[in-house]
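Reading the structure
So the chains spell out like this:
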Amino acid sequence: MIFVGEGALLWRAVQHTLDISLPVDLVCGPASCAPAALSGVRFRAVADVNSVAAELVAACTDGVVWSLNNRMIFRAPVLATGLRVLNIHHGPLPGYRGLPEVALVYAMLHGEREFAATLHQVDEGIDTGPTLAADSYPIGPDEPYHVVLRRGLQTCHQLFERCVPLVAADPAWAGEPTRPTGDERGGYFGRKALERLHRHRDNPRFSRATDLGFLAGYLPELATALR
């Protein structure tokens with residue numbers, strides 16, 4: 001297995017994979033996310049994962065690439081290799097595609113009472129590939145954003161833990177029945193949606209949906225947009 005991404009979500013997944021004695025062939029991510037020490041793991045610093053497509057093919061022993069907390073977009077150089085790219089997306093699909101931290105703000109502004117982590121196969125679109133599994137979690141009516149986000153990240157990791165042995169046993173695993181989310185309030189939430197957030201200041205849920213708390217330093221784009 002190859003892993004692509006950054007941050008705690010990526011490295012927790014890598015460590016869990018090692019703990020259950022599954023192979024980690026390579027980890028790719030920005031140079032800034034290189035581990036201080038993780039025995040037996042090869043790390044490749046990349047700004048664009050598509051630039052090392054041939055290296056991924058040469059390194060991968062099972063044909064599977066996991067994408068976790070990954071901002072890099074997979075394009076034809078990787079998608080045309082035959083590698084199966086699986087992404088853990090923080091958000092129910094297809095209803096809340098794009099940047100998860102932005103999509104969650106809008107979900108809370110919309111008054112959603114639950115959100116989800118979704119495992120899907122990556123295709124040439126953004127969060128448009130076939131959904132393989134999903135785990136939902138509640139959004140309490142009075143909970144601030146930073147509490148909900150932490151619960152969501154934990155759900156993402158738990159979804160990975162649940163699915164990685166299934167994929168290891170069968171790299172072509174077809175997934176399980178899921179409840180697709182096609183809420184008309186959903187859609188794609190990228191940087192343009194981030195720039196529109198200030199228009200929602202009159203929403204009675206705005207304060208709660210934008211309370212980043214101690215996570216403000218970890219979400220600089222979102223924090224800047226809310227100033």
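Residues numbered from 1 in each chain as written. Predicted model: local features only at pLDDT ≥ 70, side-chain atom pairs only at ≥ 80, totals over all residues. Heavy atoms only, no water.

1. Regarding helix H5 (residues 145-169)
With 25 residues, H5 should reach 36 Å at 1.5 Å per residue; the first-to-last C-alpha distance of 37 Å fits that figure. Cys-163 marks where H5 bends most, by close to 30°; the proline Pro-165 follows one to four residues later. (Helix = DSSP H or I, 4+ residues; strand = E, 2+ residues; numbered from the N terminus. Expected span 1.5 Å × (residues − 1). Bend = angle between axes of the 7 residues up to and from the residue.)

2. Some words on the environment of Ala-34
Here Ala-34 lies in the loop between strand S2 (26-29) and strand S3 (43-45). Ala-34 sits in the partly exposed class, given a relative accessible area of 39%. (Buried < 20%, exposed > 50% of the residue type's maximum accessible area, 1.4 Å probe, protein only.)

3. Considering the environment of Pro-130
For Pro-130, the position within the fold is in the loop between strand S7 (114-121) and strand S8 (131-138). Each C-alpha atom, one on Pro-130 and one on Leu-86, is 9.8 Å from the other, the two residues being 44 residues apart in sequence. Non-local contacts of Pro-130, meaning those with residues more than four positions away in its chain, are made with Leu-119, His-120 and Gln-121. (Contact = heavy atoms within 4.5 Å.)

4. Overview of the packing of helix H1 (residues 7-19) against H5
Any two packed helices are characterised by the angle at which their axes cross and by the distance between the axes. Put simply, H1 and H5 touch, their axes get as near as 10 Å, and they point 30° apart. On the basis of the axis angle, H1 is roughly parallel to H5. In terms of crossing hand, the pair formed by H1 and H5 is right-handed. Contact with H1, carried on its side by Leu-9, Arg-12, Ala-13, His-16 and Thr-17, involves Leu-153, Gln-154, Cys-156, His-157, Phe-160, Glu-161 and Val-164 of H5 and no other residues of that element. Along the lines of polarity and charge, the residues of the contact of H1 with H5 split into six nonpolar, four polar and two charged. (Axes fitted to C-alpha atoms, helices over the stretch in contact; angles between N-to-C directions. Parallel < 35°, antiparallel > 145°, perpendicular 65-115°, else oblique. Left-handed = near helix turned anticlockwise from the far one by under 90°. Nonpolar A, V, L, I, M, F, W, Y, C, P; charged D, E, K, R; others polar.)

5. Some remarks on the layout of surface pockets
To locate leftover empty space, one rolls a probe as large as a water molecule over the atoms. In this structure, the largest pocket occupies an estimated 1300 Å³ of space. Lining the largest pocket are 41 residues, with Asn-69, Asn-70, Arg-71, Pro-100 and Glu-101 positioned closest to its centre. Those elements that provide at least two residues to the lining of the largest pocket are H1, strand S5 (84-90), helix H4 (100-109), H5 and helix H8 (220-225). Across the lining of the largest pocket, the residue classes break down as 19 nonpolar, 13 polar and nine charged. (1 Å grid on protein atoms, 1.4 Å probe; cavity = no way out; pocket = protein on both sides within 12 Å on 5 of 7 lines; lining within 4 Å. Points joined across faces, edges and corners; volume = space filled by probe spheres on them.)

6. Some details on the pattern of salt bridges
All told, the structure shown has eight salt bridges when counted by the stated rule. Note that Glu-101 and Arg-71 form a salt bridge whose closest N and O atoms lie 2.4 Å from each other. One end of the pair, Glu-101, is in helix H4; the other, Arg-71, is in the loop between strand S4 (64-68) and helix H3 (76-79), with 30 residues separating them in the sequence. One salt bridge in this structure joins Arg-151 and Glu-143, with 2.6 Å as the shortest N-O distance. Residue classification places Arg-151 among the partly exposed positions, given a relative accessible area of 26%. Counted as one network, the salt bridges with shared partners bring together Arg-71, Glu-101, Arg-191 and Glu-221. (Salt bridge = Lys/Arg side-chain N within 4 Å of Asp/Glu carboxyl O.)

By themselves, these observations are geometric and do not establish any function.
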